[in-house]
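Structural features, examined
Residues per chain, in single letters:
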Amino acid sequence: MIDDETKRTLLIRLHRIEGQVRGIARMVDEDTYCIDILTQAAAVSRALQGVSLALLEDHMNHCLIQAAKASGPEHDAKLREATEAIARLVRS
C-alpha cells in the first residue's frame, strides 16, 4: 500500500503530467513545430520515469522490507517482483 503522503505527491505529479499531455495534444492539433512537440514529449517521459522511480522506492521501503522480514515463498516472490519492475524501468 502506498502511504498517504506519497499518494498525495504522486497524484499531484500525475495531474501535472496529464496537463502536459493535453498540452501536447493541443500542440499537435495546432500544427506546432515538431521539435517543440518532441521536447514536450521528452519532458512527459522524464516526468513519468520520476513517478515510476518514486513508486519503486515506496515499494522497496514498505512491501519489500516487510517481505524481507518474512521468509519462504513471500520473500522470494516480492524480491522477484521488484527485480522485474527494475528491469522494466531500465528497458524503458
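Report follows, based on the coordinates. (Residues numbered from 1 in each chain as written. Predicted model: local features only at pLDDT ≥ 70, side-chain atom pairs only at ≥ 80, totals over all residues. Heavy atoms only, no water.)

1. Points about the overall build of the protein chain
In terms of regular secondary structure, the protein chain is built from three helices and zero strands. Helices (α) and strands (β) of the protein chain occur, in sequence order from the N terminus, as α-α-α. For the protein chain, the C-alpha radius of gyration of 17 Å lies well beyond 12 Å, the compact-globule estimate for 92 residues. Projected onto its principal axes, the C-alpha positions of the protein chain cover 55 × 30 × 15 Å. Within the protein chain, the proportion of its 92 residues that are buried is 22%. Long-range pairs, those at least 24 residues apart, make up 58% of the contacts in the protein chain with a sequence separation of at least 6. On the protein chain, roughly 6800 Å² of surface is accessible, and the fraction owed to carbon and sulfur atoms is 59%. The averaged location of the 14 negative side-chain charges in the protein chain is 2 Å from the averaged location of its 12 positive side-chain charges. (Helix = DSSP H or I, 4+ residues; strand = E, 2+ residues; numbered from the N terminus. Rg over C-alpha atoms; globule rule 2.2 N^0.38 Å. Buried < 20%, exposed > 50% of the residue type's maximum accessible area, 1.4 Å probe, protein only. Contact = heavy atoms within 4.5 Å. Areas by Shrake-Rupley, 256 points an atom, 1.4 Å probe, with all protein chains shown as cover. Lys, Arg positive; Asp, Glu negative; His and termini not counted. Charge placed at Lys NZ, Arg CZ, Asp CG, Glu CD.)

2. Some words on the packing of helix α1 (residues 4–29) against helix α2 (residues 34–69)
When two helices pack together, their arrangement is given by the angle between the helix axes and the distance between those axes. Closest axis-to-axis distance for the α1/α2 pair is 10 Å, and the angle between their directions is 165 degrees. With respect to α2, the element α1 is oriented roughly antiparallel. Between α1 and α2 lies a crossing of left-handed hand. (Axes fitted to C-alpha atoms, helices over the stretch in contact; angles between N-to-C directions. Parallel < 35°, antiparallel > 145°, perpendicular 65-115°, else oblique. Left-handed = near helix turned anticlockwise from the far one by under 90°.)

3. Examining the nonpolar core
For soluble globular proteins, nonpolar side chains are generally found buried alongside one another. If you look at the biggest cluster of nonpolar residues, it comprises eight residues: L10, I17, I24, M27, I37, V44, V51 and A54. Taken together, the elements giving at least two residues each to this core come down to α1 and α2. With residues up to four places along the chain from it excluded, the contact list for I17 reads V44, A47, L48 and V51. (Core = buried A, V, L, I, M, F, W, Y, C linked by side-chain atoms within 4.5 Å.)

4. Concerning a nonpolar patch on the surface
Together, L11, L14 and L48 give the surface a local cluster of nonpolar side chains, amounting to about 240 Å² of exposed area. Note that L48 resides in helix α2. L48 sits in the partly exposed class, given a relative accessible area of 40%. (Patch = residues over 30% accessible without salt bridge, like charges linked within 9 Å, V, L, I, M, F, W, Y side chains within 5 Å. Salt bridge = Lys/Arg side-chain N within 4 Å of Asp/Glu carboxyl O.)

5. Considerations on unusual backbone geometry
Despite not being glycine, D31 has its phi angle at roughly 55 degrees, a positive value. Residue placement: D31 occurs in the loop between α1 and α2. The exposure class of D31 is exposed, given its relative accessible area of 69%.

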